[in-house]
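What follows is each chain in one-letter form.
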Amino acid sequence: MARYTGPVCRLCRREGLKLYLKGDRCYTDKCSIGRRNSAPGQHGQNKKKLTNHGIQLREKQKVKRYYGVLEGQFAEYFNIANKMQGVTGNNLLSLLEQRFDNVVYRLGFAASRAEARQLVVHGHFTLNGKKADVPSMILKVGDEIAVKETSKSLPKFKSIVENHKVTVAQWLQVEPDNFKGRIIAIPTKADIELPIEEHLIVEWYSK
Ligand code: SF4
């Protein structure tokens, strides 16, 4: 299961905005975007005017990086979104939000999507009472996600339950004391915290 393993703050600097890839650090003054908001690299200070093609590419890269998805898988999500009924851009965003690792993060059981992904891969969660360890799975309305019984005593999860202060999105329901949550509606663009112009991504793939 491939994933990006390079420096993540660099990705935010490239996109010019916070992608919240590092958990708690993103909310402190140690965030690189607050300290030096220029693109990484020797010529990062030189801002070039982007072509239409460049603007579409940046939008795609931004969303890919926000969700921690690599190129091939992102293209697959686009193909699925394109075959679904409704508006392709909205479908794509809904699919990305419904990824297992994103749901774990949005329920407040991990500090970042990267951490959520690792916790899922390590088998700390169940899906509808059964073992599930594939972070890219697309969940659906009614699915219940829970911390595995034997993982509940881990300090990580104990502290999450004691300090659970995440306001979960309206499409989710969480019971921190019971170490579980569920999907109660399909997420829409309005539920996503990042400003996204999804039509640019559709244009990118439609060439
Ligand atoms: Fe991005 Fe977080 Fe690094 Fe700030 S601290 S640049 S939001 S990953």
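Remember, predicted model here, so these are calculated numbers, not experimental data.

A. Geometry of the packing of aromatic side chains. Per the stated rule, a full pass over the model turns up six aromatic pairs. Ring centres of Phe78 and Tyr205 lie 4.5 Å apart, and the angle between their planes is 25°; on these two criteria the pair is classed as stacked. Placement of the pair is Phe78 in helix H4 (residues 71-83) and Tyr205 in helix H9 (residues 198-205), with a sequence separation of 127 residues. By relative accessible area, which is 5% here, Phe78 ends up buried. Centroid distance Phe109 to Phe125: 6.2 Å. Interplanar angle 45°. Geometry classified as tilted. Remark: Phe125 occurs in strand E1 (residues 125-127) and Phe109 occurs in the loop between helix H6 (100-106) and helix H7 (113-121); sequence separation between them is 16 residues. Looking at Phe109, the relative accessible area reads 0%, which means it is buried. On the basis of relative accessible area, Phe125 is assigned to the buried category, the value being 0%. Through successive ring pairs, a cluster of aromatic residues spans Phe74, Phe78 and Tyr205.

B. Summary view of helix H5 (residues 88-97). Buried residues dominate H5, accounting for nine of its ten residues. Of all the residues in H5, the buried ones are Thr88, Gly89, Asn91, Leu92, Leu93, Ser94, Leu95, Leu96 and Glu97. The inward-facing, buried residues of H5 abut helix H3 (52-67), H4, H6, H7 and H9.

About the criteria used
- Residues numbered from 1 in each chain as written.
- Predicted model: local features only at pLDDT ≥ 70, side-chain atom pairs only at ≥ 80, totals over all residues.
- Heavy atoms only, no water.
- Phe/Tyr/Trp six-rings, centres within 6.5 Å; stacked < 30°, edge-to-face > 60°.
- Helix = DSSP H or I, 4+ residues; strand = E, 2+ residues; numbered from the N terminus.
- Buried < 20%, exposed > 50% of the residue type's maximum accessible area, 1.4 Å probe, protein only.
- Contact = heavy atoms within 4.5 Å.

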